[in-house]
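# Report on the structure
Spelled out from the first residue to the last, the chains are:
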Amino acid sequence: LAKTTQPISMDSYEGQEVNITCSHNNIATNDYITWYQQFPSQGPRFIIQGYKTKVTNEVASLFIPADRKSSTLSLPRVSLSDTAVYYCLVGAHYSSASKIIFGSGTRLSIRP
Amino acid sequence: DTGVSQDPRHKITKRGQNVTFRCDPISEHNRLYWYRQTLGQGPEFLTYFQNEAQLEKSRLLSDRFSAERPKGSFSTLEIQRTEQGDSAMYLCASSPASGTQETQYFGPGTRLLVL
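A short tour of the structure in this document, coming up. All values derive from a computational prediction rather than experimental measurement.

Basis of the calculations
For every chain, the first residue of the written sequence is number 1, and numbering continues from 1 along that sequence. Chains carry letters from A onward and ligands carry numbers from 1 onward, assigned in written order. Where local features are concerned, this predicted model is filtered to residues with pLDDT of at least 70; where side-chain atom pairs are given and counted, the filter is 80 or more; whole-chain, interface and lining totals use all residues. Side-chain measures were taken over the full set of non-hydrogen atoms in the model, leaving aside hydrogen atoms and water. Put simply, DSSP marks the helices as runs of H or I at least four residues long and the strands as runs of E at least two long, and each gets a number from the N terminus on. Only protein chains enter the accessibility calculation, which uses a 1.4 Å probe. A residue is then buried if its area is under 20% of the maximum for its type, exposed if over 50%, and partly exposed in between. Charged residues are defined here as Lys and Arg on the positive side and Asp and Glu on the negative side; His and the ends of the chain fall outside this count. When a carboxyl oxygen of Asp or Glu lies within 4 Å of a side-chain nitrogen of Lys or Arg, that pair is called a salt bridge. For this analysis, a polar contact is any N or O atom pair within 3.5 Å, provided that within protein one partner can donate a hydrogen and the other can accept it, and provided that sequence-adjacent residues contribute only side-chain to side-chain pairs. Every residue pair with non-hydrogen atoms within 4.5 Å of one another is taken to be in contact. Strand pairing is assigned whenever DSSP detects at least two bridges linking the two strands. Once two parts are put together, the accessible area they lose, assessed with a 1.4 Å probe and summed over both, is termed the buried area. Three classes are used: nonpolar for Ala, Val, Leu, Ile, Met, Phe, Trp, Tyr, Cys and Pro, charged for Asp, Glu, Lys and Arg, and polar for all others, with Gly counted as polar.

### A short note on the side chain of arginine 69 of chain B
Residues and elements named next belong to chain B. Tracing the sequence through the fold places arginine 69 in the loop between strand 7 (65-68) and strand 8 (75-79). Although arginine 69 is buried, it forms no salt bridge, and the closest oppositely charged side chain is glutamate 52 at an N-O distance of 7.1 Å. Within polar-contact distance, the side chain of arginine 69 engages the backbone oxygen of asparagine 30 at 2.6 Å. Once residues lying within four places of it in the same chain are set aside, the contact partners of arginine 69 are Pro25, His29, Asn30, Arg31, Leu32, Phe49, Gln50, Asn51, Glu52, Phe74 and Ser75.

### What about the pairing of strand 4 (residues 45-50) of chain A?
Residue and element names in this part refer to chain A. Pairing geometry for strand 3 (residues 31-38) and strand 4, over five bridges, is antiparallel. Its bridge partner lying in strand 4, tyrosine 36 is registered against phenylalanine 46. The antiparallel hairpin formed by strand 3 and strand 4 contains six residues in its connecting segment, where serine 41 sits at a positive phi of about 60°.

### A word on the interface of chain A and chain B
How big an interface is tends to be reported as the loss of accessible area on association of its parts. Of the residues lining the interface, 23 residues belong to chain A; the matching set on chain B comes to 26 residues. Between chain A and chain B, a total of about 1,800 Å² is buried, with carbon and sulfur atoms accounting for 52% of that surface. Linking chain A with chain B are zero salt bridges, by the criterion used here. Our enumeration of links across chain A and chain B arrives at nine residue pairs in polar contact (both at pLDDT 80 or more). Residue assignment for the side of chain A that touches chain B shows that the elements contributing at least two residues are strand 3, strand 4 and strand 8 (84-92) of chain A. Taken together, the residues of the side of chain A that touches chain B sort by class into nine nonpolar, 13 polar and one charged.

### Focus on the environment of leucine 80 of chain A
All names here are of chain A. Counting through the fold element by element, leucine 80 comes out in the loop between strand 7 (70-75) and strand 8. With a relative accessible area of 42%, leucine 80 lands in the partly exposed category. Spatially, the C-alpha atom of leucine 80 lies 13 Å from that of arginine 107, the residues being 27 residues apart in sequence. Each residue touching leucine 80, except ones within four places of it in the same chain, is listed here: Glu14, Ile110, Arg111 and Pro112.

These values are about where atoms sit, not about what they do.
Written out as structure tokens, the structure is:
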């Protein structure tokens, strides 16, 4: 099971691009990288998932280098509403549900 | 698609009482998960259903906890003889059979406070 490490907290300002990096040195060949966002008093929300290189959707981009030992979630032009906790997960498709580990996440605070 | 719903949203109970939470997954999602989340921590896996079958249970799920998913639709999580340490947010999530385990749709959670 690949363990992930991400910063406990980050601060930024409205309109800036925010990059949150997650380390997963022991990622396995079959593992995918998934990011969730969680607002206070709400359940987590799936943001993006990728295996290698770059994935982009309407919310964020996910950059994965060739060695896949880390990944970076990029949030373009953040706003106050992007203040949330962001979780990086690593796991294989159709792996055991009990092996899905959220960790403590990165608490992102956006200031005006 | 109304999303995953949970009921109640908040529950305050006295130590020793039994509580039951309900989760209604997104229709046609055959996978259902329960998690527990305490302040400052990420969700911790409790149990997993595929249709009506409970396929996985965490060691966190003591014998005071029981979950069911009759008919493979809604699910209930019961905690018997509650303890103060059970105070947490209980989250339910669902996912379709065609998706990955990591792609889950979460409900708003039930916040439990045991006095």
